[in-house]
Amino acid sequence: MEVKTERFVLNMGPQHPSTHGVFRMRVTLDGEVVMDLEPKFGYLHRGIEKLAETRTYTQIISLTDRLSYLSSMTNNHAYVLAVEKLAGITVPERGEYMRVIMDEMMRISNHLAAIGFFLNDLGASVFTPLLYMYREREKLLDLFEMVCGQRLLYNYMRIGGLSHDFPSEFLPALKRFVAEMPAYLEEYEDLLAENEILLARTKGVGILPRELAINASISGPVLRSTGVKWDIRKADPYSVYDRFEFDIPTGETGDNYDRYWVRMQEMRQSLRILNQAIEQMPKSDQMNAAVPHFLHPPKGEAYGHVESPQGELGFYLVSDNSIAPYRLHIRAPTLINLTALREMVIGWKVADIVTTFGSIDVCLGEIDR
Amino acid sequence: MNNLYPFDNYWAHFGVFAVVVLLFVIAGVMAFIYIERRGFGLFQMRMGPNRAGPWGLFQPIADAIKVLLKEDIVPDVADKVVHFLAPVVGFLPVLLIFAVVPFHEGHGLIPDLNVGILYVVAISSVGVVGVFMAGWASNNKYSLIGAMRAMAAMVSYEIPLVLSILGVVAIAGSLSMNGIVQAHDIPLFLLTPLGFLVFLASAMAEINRGPFDLLEADSEIVAGFHVEYSGMKFAMFYLAEYGHALAMSAIAATLFFRGWEGPGGQYIGILWFLVKIVFVFGLMIWLRVAFPRLRIDQLMGFAWKFLFPLALINLFIIAGEMVGFDGDIPWWMLFVNWAVTIVLVLVFSRAYRLGEGRVEVKA
């Protein structure tokens, strides 16, 4: 006998402990089964793209910090890359190495937070792994603070280089971190890898089909979890990424576990890159190109993109030869990754919405820019 | 009743013990909250409460004052009467369970009820009514989901729980809590480890402790059945939850760890009893802090496909032993039972998977 039940609509968010910010989902449920899901965003909209059009090219850097605030450095990098392309500025080699070091530190720091929050979404008592990961993230934040005095919104990169050089104690501290980190990664895996409940909650859950991922232009770990080897650092190398040896970890099925696994492996690859970058970095003092105070890039357009921890972060700039961009558009990776959420959770339970959403690693600051 | 006890008058005994039980539950709950928060701090490399009083000892008192002073908010569209009654119905069974818990030999509100454990099982399942009332009356979808989960989970886990208790009853040959403690010279968790495991898992699900805390599930349904409760009414649910944990720890200590018995137990029996309660609660904290939360279909599957058969097998084994050895189990059966437990748990955990739980949805 089939029992027929009535569907009902549940609003998850905008204020909900697991929406990682102010995000709303209009979920149609049959009991606990998700029949439909409609993402609704815009509750954190600050009009950053519009604000940018009223500021000079340099002033905009501080706005980019506020996009995905857990990966401010890569936001900085993507933006300055676009401006440098537009204005034809070449960054000295040391500056490029410093940017790579910052980017990879940011990737590790972001992934630690992403995995920690994802596990937290599996149940609040499992705050435990999050706190273990925050232990290492704190060390990274200390390093960032050492470099630019900030722990969240760094505003460190500049058009043509960086705001100032590393202090003398930075590189030894970074080397210590890079040497210690593999043991911590092992510790996380010991804590989590064979946890039966974790596997049952994540393996085979929230599958993103490969074709859909490609067609929807999903990027970053979410794309790579489906088995697609696509990484801007390899596909369209920027800075000095073509000088490093590293692999692109990929998953197989594109489920929640694969996304978690890909991030864990990416941290290992970032450590590899950091090791090489520290070794290869030139000793010269030259890290900034000469850039005028008020930049007037020639009329035209440019698109600069980087592999941010969440995926392809791109800045599209149009210049009318004034001191402010005529138009700025941001290709936010998490906004595009989020478009696949509906397909990923239909047929699963309410609890899986939360974990799948967590596995995408969103930052609402970037979505509602 | 032994001579240590001054009240031969029934009403005097009843009055004194009712107060003792109430104080014990409230003090126990406060201690549990403190122990849990400090325990969580220990597991999670942080301090835990350490500001209010020495080592944060006054933290539960500060919490109590806070909830007392908070505004009581009732949703406009709630069913006001049911909304009001739900915390009472939820909390009362917790107090009633302690009527038959023997703190010491022959000492309890009802010192030696001959169907004590049956009473505990019956009373402890009343709590679910309070939870469902709260969820239904709040007129909130999260509450409703939490309430439905509560019904499903608590009713399902009742079955392996009772089956595991039946094993103990079969060994002790008594339904009285006193009788069960006195029945054997060794703690029964050594004799029936499988029974203890099933009991612990089912009890944790029954009292809404992680990883089975789905009716609350703050990461999914915000706080489930009590999302619309604030101030003292919320505190009643909180009290009920920890009171239930206290009760279940007390019952586990009585059934599986010989209650008040221990070296010098005739003088310091209550101390032994408290130590055992804290030990069982410590196990619960450890499990809660280490495991992610299950999903509702996995929770139900775990009860019906994993714990239920194990509980049945355990009962058959115990019953077989009792019949085969005429009620007097030889010491070597200890090793046999442990071996059987290890094999069964390994085999079952290999054979049983928590399951995917996806449903095909037609557009």
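Residues numbered from 1 in each chain as written. Chains lettered and ligands numbered in written order. Predicted model: local features only at pLDDT ≥ 70, side-chain atom pairs only at ≥ 80, totals over all residues. Heavy atoms only, no water.

## Observations concerning the overall build of chain B
In step 1: Of the regular secondary structure elements, chain B holds 14 helices and zero strands.
In step 2: When its helices and strands are written in sequence order, chain B yields α-α-α-α-α-α-α-α-α-α-α-α-α-α.
In step 3: Relative to the 2.2 N^0.38 estimate, which gives 21 Å for 363 residues, the radius of gyration of chain B is 21 Å and therefore close to what a compact globule would have.
In step 4: Principal-axis analysis of the C-alpha atoms places the extent of chain B at approximately 60 × 60 × 40 Å.
In step 5: Counting only residues that meet the buried cut, chain B has 53% of its 363 residues in that class.
In step 6: For chain B, the accessible area works out to roughly 16000 Å², and carbon and sulfur atoms hold 73% of it.
In step 7: For chain B, the separation between the mean place of its 21 positive charges and that of its 25 negative charges on side chains is 11 Å. (Helix = DSSP H or I, 4+ residues; strand = E, 2+ residues; numbered from the N terminus. Rg over C-alpha atoms; globule rule 2.2 N^0.38 Å. Buried < 20%, exposed > 50% of the residue type's maximum accessible area, 1.4 Å probe, protein only. Areas by Shrake-Rupley, 256 points an atom, 1.4 Å probe, with all protein chains shown as cover. Lys, Arg positive; Asp, Glu negative; His and termini not counted. Charge placed at Lys NZ, Arg CZ, Asp CG, Glu CD.)

## What to know about the packing of aromatic side chains
The geometry of an aromatic ring pair is captured by two quantities: the separation of the ring centres and the angle between the planes.
In step 1: A complete count under the given rule lists 29 aromatic pairs over all chains for this structure.
In step 2: Each ring, one from Phe166(A) and one from Phe170(A), has its centre 4.4 Å from the other, and the planes form 40°; the classification is tilted. Note on accessibility: Phe166(A) and Phe170(A) belong to one class, buried.
In step 3: Here the aromatic rings of Tyr238(A) and Tyr241(A) are separated by 5.0 Å at their centres, their planes lie at 70°, and the arrangement is edge-to-face.
In step 4: What makes Tyr238(A) buried here is its relative accessible area of 6%.
In step 5: What links up through ring pairs into an aromatic cluster is the set Phe189(B), Phe196(B), Phe199(B), Phe256(B), Phe257(B) and Phe279(B).
In step 6: Over the ring of Tyr134(A) we find Arg137(A); its NZ or CZ atom is 5.3 Å from the centre of that ring. (Phe/Tyr/Trp six-rings, centres within 6.5 Å; stacked < 30°, edge-to-face > 60°. Lys NZ or Arg CZ within 6 Å of the ring centre and 35° of its normal.)

## Examining the interface of chain A and chain B
In step 1: Listed by partner, the interface residues are 42 residues for chain A and 34 residues for chain B.
In step 2: Carbon and sulfur atoms make up 60% of the surface buried where chain A meets chain B, a total of about 3300 Å² over both sides.
In step 3: There are two salt bridges connecting chain A and chain B.
In step 4: Linking Arg149(B) and Glu32(A) is a salt bridge whose minimum nitrogen-to-oxygen distance equals 2.4 Å.
In step 5: Linking chain A to chain B there are 11 residue pairs in polar contact (both at pLDDT 80 or more).
In step 6: Counting only elements with at least two residues in the side of chain A that touches chain B, the list comes to strand S1 (8-12), strand S3 (33-40), helix H4 (93-121), helix H5 (127-148), helix H7 (196-202) and helix H14 (350-360) of chain A. (Contact = heavy atoms within 4.5 Å. Buried area = accessible area lost by both parts, 1.4 Å probe. Salt bridge = Lys/Arg side-chain N within 4 Å of Asp/Glu carboxyl O. Polar contact = N/O pair within 3.5 Å; in protein donor to acceptor, adjacent residues only side chain to side chain.)

## As for the sheet that holds strand S8 (residues 327-331) of chain A
All names here are of chain A.
In step 1: Spatial ordering of the open sheet is given by S6-S7-S8, a layout of three strands whose pairing is antiparallel. Looking at strand neighbours, the two that pair on one side only are strand S6 (300-308) and S8, the edges of this open sheet. Shown here is a sheet whose adjacent strand axes are inclined to one another by a mean of 10°, direction ignored.
In step 2: Pairing between S6 and strand S7 (residues 311-319): nine bridges, direction antiparallel. By the bridge assignment for S7, Gly304 is matched with Phe315.
In step 3: Relative to the sheet, helix H3 (residues 72-87) contacts S6 and S7, its axis offset from that of S6 by approximately 150°. (Pairing = 2+ DSSP bridges. Axes fitted to C-alpha atoms, helices over the stretch in contact; angles between N-to-C directions.)

## Considerations on the confidence of the model for chain A
In step 1: Of all residues in chain A, 99% have pLDDT values of 70 or greater, and the mean over the chain is 89.
In step 2: Averaged over each element, pLDDT in chain A is lowest for H7(A) (84) and highest for helix H9 (residues 221-224) of chain A (93). (pLDDT = per-residue confidence, 0-100.)

## Some words on the sheet that holds S3(A)
Residues and elements named next belong to chain A.
In step 1: An order of S1-S2-S3 is seen for the three strands of this open sheet, with the pairing classed as antiparallel. The open sheet has two edge strands, S1 and S3, and neither has a second partner. On average, each strand axis in the sheet is tilted by 25° relative to the strand beside it, whichever way the strands run.
In step 2: For strand S2 (residues 24-30) and S3, the ladder comprises seven bridges, and the chain directions are antiparallel. Bridge assignment links Arg24 to a residue of S3, and that residue is Lys40.

## Structural notes on the environment of Gly259(B)
Residues and elements named next belong to chain B.
In step 1: Tracing the backbone through its elements, the reader meets Gly259 in the loop between helix H11 (231-256) and helix H12 (265-290).
In step 2: Taking the C-alpha atoms as reference points, Gly259 and Ile270, 11 residues apart in sequence, are found 8.6 Å from one another.
In step 3: Setting aside residues no more than four positions away along its own chain, Gly259 makes contact with Val181, Ala253, Thr254, Trp272, Phe273 and Lys276.

## With respect to the layout of surface pockets
In step 1: Its boundaries defined by the atoms lining it, the second largest pocket holds a volume of some 920 Å³.
In step 2: As for the second largest pocket, its lining consists of 28 residues, of which Leu287(B), Phe291(B), Phe302(B), Phe306(B) and Val345(B) are closest to the centre.
In step 3: Residue assignment for the lining of the second largest pocket shows that the elements contributing at least two residues are H7 of chain A together with helix H9 (193-206), H12, helix H13 (296-324) and helix H14 (333-351) of chain B.
In step 4: Sorting elements by how many residues they give to the lining of the second largest pocket places H9(B) first, with six residues.
In step 5: Considering only residue class, the lining of the second largest pocket consists of 24 nonpolar, one polar and three charged. (1 Å grid on protein atoms, 1.4 Å probe; cavity = no way out; pocket = protein on both sides within 12 Å on 5 of 7 lines; lining within 4 Å. Points joined across faces, edges and corners; volume = space filled by probe spheres on them. Nonpolar A, V, L, I, M, F, W, Y, C, P; charged D, E, K, R; others polar.)

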